[in-house]
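# Residue-level structure breakdown
Listed below, chain by chain, are the residues.
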Amino acid sequence: MSGKSVDEQKRVIREAMRKRRAEVSAEERDMAAIAVAANADKGTLDLFQRAQTLMMYLSGGHELPMRFLMDRAWRRGKKICVPAYEDWCDSYRPVEFLPNTQMIKGKFNIREPAVQVPVQIWDINAIIVPGLAFDITGGRLGYGGGYFDKILAKAPLSTISVGVAYDWQVLPEGESLPQHIADKKLSWIVTDKRVIDCRTKQVVYQTLNLP
């Protein structure tokens, strides 16, 4: 992609990843999400030992479903919050999310709690983020709005950031995503097949069914 701007490179990758992700069946999507939830417990990440309060996203469309990861967290007695849109500052804030929380459609038709109980960003131990593509250095390609980057920028340094993805969404070792200065690096990536520590660029856990 030499000669193309960062934005143009991102656009090309987004289109390719959106197309491939749309080809995944609902059954395959659930199977991958179940594996991601299990793998979050593995290796040195051991997410539920490290975090008491977790921020997750409310999945939609072709995104990996979060319900399996949420169920696992609730069973461990963890607190979950999700993003809710604030129009006045064109950004999202974390609000509490419980198993019986009533939902409404918010900005971009993304679901969010009808009754919003704020959670302070400094109380969040781990932020789970979606994306279209990742690299092992923690690079992430989102949807272009920069909303999760804003959340990550406000979080304390002690807060870990975890990308969740199909394994094929992670670029091969040695390849990097095009990035802007404002793009935030992730601490970890959890796929249906691996757990990657982006700070050391090491796979700390992998399933036995890797090709």
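Everything that follows concerns the structure shown earlier in this document.
Given the structure is predicted, the values throughout are model-derived calculations rather than measurements. (Residues numbered from 1 in each chain as written. Predicted model: local features only at pLDDT ≥ 70, side-chain atom pairs only at ≥ 80, totals over all residues. Heavy atoms only, no water.)

### Things to note about the sheet that holds strand E12 (residues 202-206)
Strand pairing in a sheet relies on backbone hydrogen bonds, with the paired strands running either antiparallel or parallel. Spatial ordering of the open sheet is given by E3-E2-E1-E6-E9-E10-E11-E12, a layout of eight strands whose pairing is mixed. Strand pairing shows two members of the sheet lacking a second neighbour, strand E3 (91-97) and E12, which therefore form its edges. Strand-to-strand twist across the sheet, computed as the mean angle between neighbouring axes with direction ignored, equals 25 degrees. Judged from the four bridges that link them, strand E9 (residues 160-165) and strand E10 (residues 188-191) form a sheet pairing that is parallel. Bridge pairing in E10 places Val162 opposite Trp188. On the sheet, helix H2 (residues 26-39) packs against E9, E10, strand E11 (194-197) and E12 and is oriented at approximately 135 degrees with respect to E10. Contacts from helix H4 (residues 67-75) reach strand E1 (53-55), strand E2 (79-86), E3 and strand E6 (126-129) within the one sheet, and its direction differs from that of E2 by about 130 degrees. (Pairing = 2+ DSSP bridges. Helix = DSSP H or I, 4+ residues; strand = E, 2+ residues; numbered from the N terminus. Axes fitted to C-alpha atoms, helices over the stretch in contact; angles between N-to-C directions. Contact = heavy atoms within 4.5 Å.)

### What to know about helix H5 (residues 147-154)
Restricting attention to buried positions, one finds in H5 the residues Tyr147, Phe148, Asp149, Ile151 and Leu152. Looking at the buried side of H5, the elements it contacts are E1, E2, E3, E6, strand E8 (140-141) and E9. (Buried < 20%, exposed > 50% of the residue type's maximum accessible area, 1.4 Å probe, protein only.)

### Considering the pairing of E2
The side chains of a regular strand alternate between the sheet's two faces. Most of E2 is tucked away, with six of its eight residues classed as buried. Pairing of E1 with E2, which is carried by three bridges, proceeds in the parallel orientation. In the sheet register, Thr53 faces E2, and the bridge partner there is Lys79. The parallel pair E1 and E2, bridged by H4, forms a crossover whose chirality is right-handed. Here E2 pairs with E3 via seven bridges, running antiparallel. Pairing of Ala84 across the sheet is with Arg93, part of E3. Linking two consecutive strands that pair antiparallel, namely E2 and E3, is a turn of four residues; a positive phi of about 45 degrees is found at Asp90 within it. (Right-handed = clockwise from strand over helix to strand, strands pointing away.)

### Description of the nonpolar core
Judged by nonpolar contacts, the single largest core of 55 residues is most densely connected at Leu47, Met56 and Ile127. The element best represented in this core is E2, accounting for five residues. (Core = buried A, V, L, I, M, F, W, Y, C linked by side-chain atoms within 4.5 Å.)

### With respect to the packing of aromatic side chains
Tallied over the entire structure, the rule returns six aromatic pairs. On the numbers, 6.3 Å between centres and 85 degrees between planes, the contact of Tyr85 with Tyr147 is edge-to-face. With Tyr85 in strand E2 and Tyr147 in helix H5, the pair connects residues that are 62 residues apart, well separated along the chain. Tyr147 shares its class with Tyr85; the two are buried. (Phe/Tyr/Trp six-rings, centres within 6.5 Å; stacked < 30°, edge-to-face > 60°.)

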